[in-house]
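What follows is each chain in one-letter form.
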Amino acid sequence: MESKKRFDLSGRVAVITGGGGLLGKEHATVIAEAKGIPVLADVRGEEAKKTAQEISEKFQVAALGVGVDITNDKEVEQLLEELIEKFQRVDILINNAANNPKVGGENQKTNWSRFENFSLDMWEKDLAVGLTGSFICSQVFGSHMAKQGSGVILNISSDLGIVGPDQRLYEVEGKLPEEQPVKPVTYSVVKTGIIGLTRYLATYWAPCGVRVNALCPGGIDAGQSMEFKERVHSRIPMGRMARRDEYHGAVLFMVSDESSYMNGAILTVDGGRTCW
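Here goes a summary of the coordinates provided. (Residues numbered from 1 in each chain as written. Predicted model: local features only at pLDDT ≥ 70, side-chain atom pairs only at ≥ 80, totals over all residues. Heavy atoms only, no water.)

1. Some remarks on the overall build of the protein
Move 1: Each helix and strand counted, the protein has eight helices and seven strands in total.
Move 2: Taking 2.2 N^0.38 as the reference for a compact globule, 276 residues should give roughly 19 Å; the C-alpha atoms of the protein span a radius of gyration of 19 Å, in line with that estimate.
Move 3: If you line up the protein on its principal axes, its C-alpha atoms span 60 × 40 × 40 Å.
Move 4: Per-residue burial over the protein gives 48% buried out of 276 residues. (Helix = DSSP H or I, 4+ residues; strand = E, 2+ residues; numbered from the N terminus. Rg over C-alpha atoms; globule rule 2.2 N^0.38 Å. Buried < 20%, exposed > 50% of the residue type's maximum accessible area, 1.4 Å probe, protein only.)

This is the structure:
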């Protein structure tokens, strides 16, 4: 088969959780460019529908935007039923949704992000979306793919699933150590857990024709302050953060037939950051 044909996703239905978010939109764009059918699933239904319409018009594919709470198994099961009724199949699941609270913000005075003060409520909410949501979607859509005899699950982890966060990036001059903002613990736990889920499912469903891999992207240049970006850039061998479209190639490769022998792999695309 020619390489170009192996990248072709014509007729394949791809569910993208967190489809209305920054990376979710990019993943959906990749699917549409390859002539697949992206289904943007997001708790922010209107945002997902708006983005799907834009993608559909641009690439002339049947993109869909749906409002769904991925922490609710009944809603996810209902989405599968609707997609089977409409398309008769689901071929790709991209587990992309995750909470990623900004360091600082309104609650900075309470030092909420520090491990000692991190609330159980926020812990449970972050794990519910990032880990439980991925479990539910994998269970529902992965089971369908296994019965179908083919499919791909791509879990979106992070460079912080490979290494711990460098809290020096968030230091504020003049604050005491116990008052300094930090990257919350849940993001690292969720993204590391995603890698464990990937390895488990890769061995579990391999006999059924379902491949499961994880992508660990680095940070994206998305309007952060110049001071922050300079700190990050100094810790990346390539000297910069990623453009939002620089994960397109990796995503397309991992969900297409071009990676047909790739299973249980953890692909890091971070400008070399985790090499140091």
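2. Brief notes about the nonpolar core
Move 1: Of all hydrophobic cores here, the largest spans 30 residues; its most connected members are Val 15, Val 76, Leu 83, Val 90 and Phe 141.
Move 2: Sorting elements by how many residues they give to this core places helix α5 (residues 120-148) first, with seven residues.
Move 3: When near neighbours in sequence (up to four residues on either side) are disregarded, Val 76 contacts Val 68, Asp 69, Ile 70, Ile 136, Cys 137, Val 140 and Phe 141. (Core = buried A, V, L, I, M, F, W, Y, C linked by side-chain atoms within 4.5 Å. Contact = heavy atoms within 4.5 Å.)

3. Thoughts on the pairing of strand β3 (residues 64-67)
Move 1: Across four bridges, the pairing between strand β2 (residues 37-42) and β3 is parallel. Bridging from a neighbouring strand, Ala 41 pairs with Val 66 of β3. (Pairing = 2+ DSSP bridges.)

4. Notes on the environment of Ala 52
Move 1: Assignment of secondary structure puts Ala 52 in helix α3 (residues 45-59).
Move 2: The exposure class assigned to Ala 52 is buried, which follows from its relative accessible area of 1%.
Move 3: Linking Ala 52 and Gly 65, residues 13 residues apart in sequence, is a C-alpha distance of 5.1 Å.
Move 4: The residues touching Ala 52, leaving out its near neighbours within four places in the chain, are Leu 40, Ala 63, Leu 64 and Gly 65.

5. With respect to the pattern of salt bridges
Here the idea is simple: oppositely charged side chains can pair when their charged atoms come close.
Move 1: All chains considered together, the criterion is met by 15 salt bridges.
Move 2: A salt bridge links Lys 25 to Glu 47; the shortest N-O distance between them is 3.2 Å. With Lys 25 in helix α2 (residues 22-33) and Glu 47 in helix α3, the pair connects residues that are 22 residues apart, well separated along the chain.
Move 3: Residue Lys 49 pairs with Glu 46 through a salt bridge whose shortest N-O separation is 3.9 Å. One end of the pair, Lys 49, and the other, Glu 46, are both in helix α3, three residues apart, so they sit about a helical turn from each other. (Salt bridge = Lys/Arg side-chain N within 4 Å of Asp/Glu carboxyl O.)

6. Let's talk about the environment of Thr 51
Move 1: Tracing the backbone shows Thr 51 in helix α3.
Move 2: Note: C-alpha distance between Thr 51 and Gly 21 (30 residues apart in sequence) is 9.4 Å.
Move 3: Those residues in contact with Thr 51 that lie beyond four places of it in its chain are Lys 25 and Leu 40.
Move 4: Looking at Thr 51, its side chain comes within polar contact range of the main-chain oxygen of Glu 47, at 3.0 Å. (Polar contact = N/O pair within 3.5 Å; in protein donor to acceptor, adjacent residues only side chain to side chain.)

7. Focus: the side chain of Asp 42
Move 1: Positionally, Asp 42 belongs in strand β2.
Move 2: Exposure remark for Asp 42: the relative accessible area of 5% places this residue in the buried category.
Move 3: Within polar-contact distance, the side chain of Asp 42 engages the backbone nitrogen of Arg 44 at 2.8 Å.
Move 4: Among all residues touching Asp 42, those that are not within four sequence positions of it are Gly 18, Gly 19, Gly 20, Gly 21, Ala 48, Val 66, Gly 67 and Val 68.

8. Observations regarding the packing of aromatic side chains
In this description, a pair of aromatic rings is defined by centroid distance and the angle of the planes.
Move 1: Tallying each qualifying case throughout the model produces four aromatic pairs.
Move 2: Ring centres of Tyr 204 and Trp 205 lie 5.7 Å apart, and the angle between their planes is 70°; this geometry places the pair in the edge-to-face category.
Move 3: By relative accessible area, Trp 205 is classed as buried at 9%.
Move 4: Of the aromatic side chains, those joined through ring pairs into one cluster are Tyr 200, Tyr 204 and Trp 205.
Move 5: Over the ring of Tyr 187 we find Lys 183; its NZ or CZ atom is 4.5 Å from the centre of that ring. (Phe/Tyr/Trp six-rings, centres within 6.5 Å; stacked < 30°, edge-to-face > 60°. Lys NZ or Arg CZ within 6 Å of the ring centre and 35° of its normal.)

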